[in-house]
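Commentary on secondary and tertiary structure
Residues per chain are reported as follows:
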Amino acid sequence: FRRVLFRSPEGLASGLPCVISRRGGIPEMAADAALYFMPPDIDALAKHLTDLLDNPSAQLGWGQRARARALQITWENQYRILMRHLANEPDTDT
């Protein structure tokens, strides 16, 4: 069970597209609702940003995915995930 900073969930909750680093617990938390890059690969970061700036429908789609994912990140869901991890049961709601 990893600690995740609040910036990523807050970004997802904003309903805007999120481009975030593929490090630590961030991919586990954001799942398929964000675009990822691996630091220090600034070319991948720039490509994601350029693609979003050039495509308003992609901005809307990624923003909707981000918001939907944020709504899944509740204290209740996090508690269930923690209890499953502690009981060595499979994680079904990432």
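We now examine the environment of Ser-14. Within the secondary structure, Ser-14 sits in the loop between helix 1 (7–13) and strand 1 (19–21). Separated by 50 residues in sequence, Ser-14 and Gln-64 have C-alpha atoms that sit 9.5 Å apart. At a separation of 3.2 Å, a polar atom in the side chain of Ser-14 contacts the main-chain amide nitrogen of Leu-16.

All right, on to a nonpolar patch on the surface then. A cluster of nonpolar side chains, Tyr-79, Met-83 and Leu-86, forms an exposed patch at the surface whose accessible area comes to about 320 Å². Assignment of secondary structure puts Leu-86 in helix 5 (residues 75–86). Residue Leu-86 is classed as exposed on the basis of its relative accessible area of 58%.

This part is about the nonpolar core. It is characteristic of soluble globular proteins that their nonpolar side chains tend to be buried jointly. In terms of nonpolar packing, the biggest core is built from 11 residues, these being Leu-12, Cys-18, Ile-20, Ile-26, Met-29, Ala-30, Ala-33, Ala-34, Tyr-36, Ala-66 and Ala-70. Those elements that place two or more of their residues in this core are helix 2 (26–30) and helix 4 (56–72). Counting residues per element, this core draws most heavily on helix 2, at three residues. Beyond its immediate stretch of four places on either side in the chain, Ile-20 contacts Ser-8, Ile-26, Ala-30, Ala-34, Leu-35, Tyr-36 and Phe-37. One finds Leu-35, Phe-37, Leu-52 and Ala-58 within the second-largest nonpolar core, a separate group that totals six residues.

Conventions used here
Residues numbered from 1 in each chain as written. Predicted model: local features only at pLDDT ≥ 70, side-chain atom pairs only at ≥ 80, totals over all residues. Heavy atoms only, no water. Helix = DSSP H or I, 4+ residues; strand = E, 2+ residues; numbered from the N terminus. Polar contact = N/O pair within 3.5 Å; in protein donor to acceptor, adjacent residues only side chain to side chain. Patch = residues over 30% accessible without salt bridge, like charges linked within 9 Å, V, L, I, M, F, W, Y side chains within 5 Å. Areas by Shrake-Rupley, 256 points an atom, 1.4 Å probe, with all protein chains shown as cover. Salt bridge = Lys/Arg side-chain N within 4 Å of Asp/Glu carboxyl O. Buried < 20%, exposed > 50% of the residue type's maximum accessible area, 1.4 Å probe, protein only. Core = buried A, V, L, I, M, F, W, Y, C linked by side-chain atoms within 4.5 Å. Contact = heavy atoms within 4.5 Å.

The values are spatial; any link to function lies outside them.
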